[in-house]
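# Structural overview
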Amino acid sequence: MWTLLLTTPLMIGIQMLSARIGWVTGQGLAANIARVCPRWLTLALVSLLVVANTINIAADIGAMAEAVRLLVGGPHLVYIVAAGALCILGQVYFSYERTVRVLKWLTLALFAYVAVVMSVQVPWREAIQASLRPWAVVPAGTTAADYAGMVVAVLGTTISPYLFFWQAAQEVEDNHRRPEATRLRDHPAYAAEHLARIKQDTYVGMLLSNAVALCIVVATAVTLHQHGITRIQTSAQAAEALRPVAGEFAFAVFALGIIGTGLLAVPVLAGSAAYAVSELFGWKAGLSRGFREARGFYAIIVAATGIGTVMSVFEVDPIRALVWSAIVNGVISVPIMVTMMWIGQSRRLMGELTMSRRHRVFGWAATGVMAAAVAVMVLTS
C-alpha cells in the first residue's frame with residue numbers, strides 16, 4: 001500500500017509530461033528520444049519495452065482464458081486462441097474512434113476489484129497502520145533482495161514505460177485527426193486550455209488507476225494472505241482461492257474483472273510497442289490509419305499479440321512472468337524518464353511550452369524514486 005500512496009503524485013507528473021511531449025512536438029516518445037539519444041540506446045530501450053510488453057500480453061491472455069474456463073468450463077486452449085484472435089481483430093478492424101470508445105468502457109471492469117473489497121471485511125485501521133510502517137510488516141522468510149525486487153516491480157507496473165509511450169502517442173493521434181487544432185497550438189489561450197485538459201484527464205485517470213490497485217492489494221491481503229495462501233502461480237488460482245474465503249460473489253466478480261482488464265490491457269500493450277517501433281524506424285503509425293496505410297505498425301501489433309498468445313499456451317508461471325516484466329519496466333523506466341525530463345525542459349523541442357517548475361520537481365522526484373529503488377534492488381541482490 002505504501003508504494004501506491006508514494007507513487008500517485010509522481011505517476012501523475014510523469015504521465016502529464018508524456019502527454020505534453022506528444023501534443024507539443026507532434027511526435028511520439030520514441031521519435032523524441034531518438035532526437036536526443038544515440039541510436040543504439042534508443043533501439044535498446046524500445047527492444048526491452050517490446051519484450052516486456054509481449055511477456056505481459058502472454059500473461060494477460062492466459063489469465064483471461066483461465067477466467068473464462070472457471071466461469072463456464074470448456075477447453076483452456078480454445079479460450080487462449082479466441083482471446084488472442086479477439087485482441088488482434090479488434091485492433092486491426094476497429095477504427096481509432098471505436099477503439100478508444102471500447103477501451104474507455106472497458107475501464108469499468110476495473111471496478112470489479114472495488115466490488116471485491118466491498119464484499120469482504122477489511123480491518124482498515126490495521127491496514128493503514130501497516131502501510132505507514134512498511135519495514136515492520138515484511139513477510140517472514142522474505143529477503144531484502146526479494147522485497148526490493150517487488151518494490152521495483154510495483155513501481156514498474158504503475159510508473160510504466162508502455163503508459164508513457166501510449167499517452168504520448170494518443171496525443172499525436174488526436175493531432176492527426178484534428179489538424180485545425182494543431183494550427184492553434186501556438187495560440188496562448190488555446191495551449192493553456194488544452195494543457196489544462198491534459199492535466200485534468202491525467203489526474204482522474206491516475207487516481208482511478210492507483211485506487212483500483214489499492215483495492216487489489218487490500219483484497220489480496222485480507223483474503224488470501226490472512227488465510228495462509230501465499231503461493232499463487234496463476235490468476236485462476238487466486239480466483240479459486242477466493243471462493244471459500246470470500247464467497248461466490250467475490251469469486252465471480254474477480255474472474256470477470258480478469259477478463260475485462262485483459263481486454264483493456266492487451267491492446268494498450270501491443271499498441272504502445274507498435275507506436276515505439278514505428279516511430280523509431282519512421283513507419284506510418286496510428287490506429288486512425290488503415291492496415292494498408294500502416295502495415296509495419298499493425299505487423300508489430302499482430303506479432304506482439306500473436307507471440308504472447310503462443311507463449312501463454314506453454315506451461316509457464318504467469319505471475320512470475322508478470323513480476324519479471326514489471327522489474328524490466330522499472331529498470332528501463334529510469335533512462336526513459338531522464339530523457340523525458342530533458343525533452344520536457346528543452347526549448348529547442350518544446351518551444352515556449354516547456355515544463356513548469358512544479359512539474360519539474362515532480363518529474364525529477366519520480367525519476368529519483370525509480371532510480372533509488374533500482375539501485376537498492378541491485379545492491380541487495
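Residues numbered from 1 in each chain as written. Predicted model: local features only at pLDDT ≥ 70, side-chain atom pairs only at ≥ 80, totals over all residues. Heavy atoms only, no water.

### Concerning the overall build of the protein chain
Rule in force here: Strands here mean DSSP runs of E at least two residues long; helices mean DSSP runs of H or I at least four residues long; both are numbered from the N terminus. Our radius of gyration looks at C-alpha atoms and nothing else; its globule reference is 2.2 Å times the residue count to the power 0.38. Accessible area is worked out with a 1.4 Å probe on protein chains only. A residue is then buried under 20% of its type maximum, exposed over 50%, and partly exposed in between. By definition, residues are in contact when any of their heavy atoms lie within 4.5 Å.
Across its full length, the protein chain carries 17 helices and 0 strands. The globule rule puts the C-alpha radius of gyration for 381 residues at 21 Å, and the 21 Å found for the protein chain is close to it. The buried share of the protein chain, taken over its 381 residues, is 50%. Put simply, 79% of the contacts in the protein chain that link residues at least 6 apart link residues at least 24 apart.

### So, the packing of helix α1 (residues 2–25) against helix α9 (residues 161–177)
For clarity, the cut-off: Where helices are involved, their axes are fitted lines through C-alpha atoms of the stretch in contact, as for all axes, and angles between N-to-C directions lie from 0 to 180°. Crossing chirality is assigned from the near helix's rotation relative to the far helix, an anticlockwise turn below a right angle marking it left-handed and a clockwise turn marking it right-handed. When residues are sorted by character, Ala, Val, Leu, Ile, Met, Phe, Trp, Tyr, Cys and Pro go into the nonpolar class, Asp, Glu, Lys and Arg into the charged class, and all the rest, Gly among them, into the polar class.
Packing of α1 against α9 leaves a shortest axis separation of 7 Å and a crossing angle of 35°. Remark: the crossing between α1 and α9 carries right-handed chirality. Contacts from Ile14, Gln15, Ser18, Ala19, Gly22 and Trp23 in α1 reach Leu163, Phe164, Gln167, Ala168, Glu171, Val172 and Asn175 in α9. In terms of residue class, the contact of α1 with α9 is made up of 7 nonpolar, 5 polar and 1 charged.

### Thoughts on the confidence of the model for the protein chain
Detailed conclusions should not be drawn from predicted coordinates in areas where pLDDT is low. To keep things clear, this is the line we draw: The predictor attaches a confidence to each residue, and that confidence, scored 0 to 100, is pLDDT.
This prediction gives the protein chain a mean pLDDT of 84; 93% of its residues lie at or above 70. By mean pLDDT, the top-scoring element of the protein chain is helix α2 (residues 29–36) (92), and the lowest-scoring one is helix α10 (residues 179–183) (65).

### A word on helix α15 (residues 318–345)
Threshold: Helix span, as expected, comes to 1.5 Å for every residue beyond the first. At any given residue, the bend is defined as the angle formed between two axes, one fitted to the seven residues that end at that position and one fitted to the seven that begin there.
For α15, built from 28 residues, the straight-helix expectation of 40 Å at 1.5 Å per residue is met to within 8% by its first-to-last C-alpha distance of 39 Å. By the largest-angle criterion, Ser333 marks the main kink of α15, which is about 35°, and a proline, Pro335, follows within four residues.

### As for the packing of helix α13 (residues 248–281) against helix α14 (residues 295–313)
Selection criterion: Under this scheme an angle from 65 to 115 degrees is roughly perpendicular, one under 35 degrees roughly parallel, and one over 145 degrees roughly antiparallel; angles in between are oblique.
It is at 8 Å that the axes of α13 and α14 come closest, and there the two elements cross at 135°. The angle between the axes of α13 and α14 places the two elements in the oblique class. Regarding α13 and α14, the two cross each other, and that crossing is right-handed. Between α13 and α14, the residues in contact are Val266, Ala270, Gly271, Ala273, Ala274, Tyr275, Val277 and Ser278 and Gly296, Phe297, Ile300, Ile301 and Thr305, respectively.

### Section: helix α6 (residues 111–118)
We count it as follows: Note that the arc is defined by the directions from the helix axis to the C-beta atoms.
Inspection of α6 places Ala112, Tyr113, Val116 and Val117 among the buried residues, and these make up the whole buried set. Taken down its axis, α6 places every buried residue within 145° of arc, on the same side. Contacts made by the buried residues of α6 are with α7 (124–132), α11 (188–222) and α13.

### Here's the deal with the packing of aromatic side chains
To be explicit about the condition: Only the six-membered ring of Trp is used, alongside the rings of Phe and Tyr, when aromatic pairs are assigned; centres must lie within 6.5 Å, and planes under 30 degrees apart are stacked while those over 60 apart are edge-to-face, with the rest tilted. Counted as over-ring charges are cases with an Arg CZ or a Lys NZ within 6 Å of the ring centre that also lie within 35 degrees of the ring normal.
Applying the stated criterion across every chain yields a total of 5 aromatic pairs. Where Phe281 meets Trp283, the ring centres are 5.5 Å apart and the plane angle is 25°; that geometry is what we call stacked. The exposure class assigned to Phe281 is partly exposed, which follows from its relative accessible area of 43%. For the pair Phe297 and Tyr298, a centre-to-centre distance of 5.2 Å together with 85° between the ring planes defines the contact as edge-to-face. Ring pairs connect the aromatic residues Trp166, Tyr275, Phe291, Phe297 and Tyr298, which therefore count as one cluster. Its end group placed over the ring of Phe281, Arg39 keeps NZ or CZ at 5.5 Å from the ring centre.

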